[in-house]
Amino acid sequence: MKDYFKIVINQENLSKLFNRYGEELTEKAVRVVNKYANLTARDAKQIIHDYKYRDTGRLINSIKPSIYAYTEKIAGEVNAGTKYAEAIHEGAKHPIEGSEETERFFVPFRVAPSLFKWAVRNKVIETIDGVYRLVSTGQIVEPNKGGLLVHIAPTKYFEEPYNKYKDKFIEEMNNIINDN
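About the thresholds
- Residues numbered from 1 in each chain as written.
- Predicted model: local features only at pLDDT ≥ 70, side-chain atom pairs only at ≥ 80, totals over all residues.
- Heavy atoms only, no water.
- Helix = DSSP H or I, 4+ residues; strand = E, 2+ residues; numbered from the N terminus.
- Buried < 20%, exposed > 50% of the residue type's maximum accessible area, 1.4 Å probe, protein only.
- Contact = heavy atoms within 4.5 Å.
- Areas by Shrake-Rupley, 256 points an atom, 1.4 Å probe, with all protein chains shown as cover.
- Phe/Tyr/Trp six-rings, centres within 6.5 Å; stacked < 30°, edge-to-face > 60°.
- Salt bridge = Lys/Arg side-chain N within 4 Å of Asp/Glu carboxyl O.
- Expected span 1.5 Å × (residues − 1).
- Axes fitted to C-alpha atoms, helices over the stretch in contact; angles between N-to-C directions.
- Parallel < 35°, antiparallel > 145°, perpendicular 65-115°, else oblique.
- Left-handed = near helix turned anticlockwise from the far one by under 90°.
- Nonpolar A, V, L, I, M, F, W, Y, C, P; charged D, E, K, R; others polar.
- Bend = angle between axes of the 7 residues up to and from the residue.

> Can you tell me about the overall build of the chain, naming the residues and giving the values?
Along its length, the chain carries six helices and seven strands. For the chain, the proportion of its 180 residues judged to be buried stands at 36%. Within the chain, residue pairs in contact and separated by at least 24 positions form 66% of the contacts whose partners lie at least 6 positions apart. If you sum the accessible surface of the chain, you get close to 11800 Å²; carbon and sulfur atoms cover 50% of it.

As C-alpha cells, then:
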C-alpha cells in the first residue's frame, strides 16, 4: 500500500453535478462529505494514539481522507496505508466469534521483519552479553529464527468514528436537500 493523500474531484464530473443539482447544492454536499471524512480521520488517529499503538507514526500518518466526485454523487472515504492497518483495527486471534477478547500468538520475525526492529526499539529485546535477549526473561532471541508472542487488541479506529458521525452526516445531507 502507498502512504499518500489523494483528493480526486474530476472537473468534468463536477460540472455534471453542477448542471444536474446546481453549483450551490453541489458545493454544500462537497463541504459536508469533506467535513465528516476529516472528522473520521482525526478520530481514528486519536483512537490509535489512545490505544498506544503509535510507535513510528506510520499508521497514524497514513490515515487520510479522500473525496471523489462522480457524475451523480460525491463520495468520501478514509483509508490507512500500512500493511498492518487491518490487524490493528480488527485485532488478532479472536478465540470466540464476535468477542473483543484476544489471545497472544507467535509471530516469526521472518514473517514480520519489522517486528524485530520494533522490539529492539521498544526495549522488549536488548543486547545482553553480546546476544539478543528478551528483557522480561533473558531468553536468547535469534533475529533469523525467532519471533515474539504478540497481543493485538482490536481498536476499531474506523468503525467507532463512523458510528459516531453517521447520523449527523445523514442529518446534514438531508438538511441540504430539504433547504433546496
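> Mind laying out the packing of aromatic side chains, listing which residues take part and the relevant values?
Taken as a whole and judged by the stated rule, the model has six aromatic pairs. Geometrically, the ring pair formed by Phe 109 and Phe 116 is edge-to-face, given 5.1 Å between the ring centres and 75 degrees between the ring planes. The class for Phe 109 is buried, based on a relative accessible area of 3%.

> Which residues make up the pattern of salt bridges, and what values go with them?
Taken as a whole and assessed by the stated rule, the structure comprises seven salt bridges. Where Glu 142 meets Lys 145, a salt bridge forms, and the shortest distance between an N and an O atom there is 4.0 Å. On the basis of relative accessibility, which here comes to 41%, the residue Glu 142 falls in the partly exposed class. One connected set of salt bridges, linked through shared partners, spans Arg 42, Asp 43 and Lys 164.

> Can you explain helix α2 (residues 23-50)? Please cite residues and give values.
Over its 28 residues, α2 runs 40 Å from end to end, which matches the ideal 40 Å to within 8%, given 1.5 Å per residue. Where α2 ends, the next residue or the one after it, Lys 52, has phi of about 65 degrees, a positive value.

> Outline the packing of α2 against helix α6 (residues 159-179), supporting the account with residue identities and numerical values.
Running from N to C, α2 and α6 cross one another at 170 degrees; their axes reach a closest spacing of 10 Å. By the criterion of interaxial angle, the relationship of α2 to α6 is roughly antiparallel. In the packing of α2 onto α6, the handedness of the crossing is right-handed. Grouping the amino acids of the contact of α2 with α6 by side-chain chemistry returns 13 nonpolar, one polar and eight charged.

> So what's going on with α6? Residues and values would help.
Between its terminal C-alpha atoms α6 stretches 30 Å, which fits the 30 Å expected from 21 residues at 1.5 Å a residue. If you look at α6, its biggest bend is around 40 degrees, right at Tyr 165. Along α6, the residues that are buried comprise Pro 161, Tyr 165, Met 173 and Ile 176. Contacts made by the buried residues of α6 are with α2.

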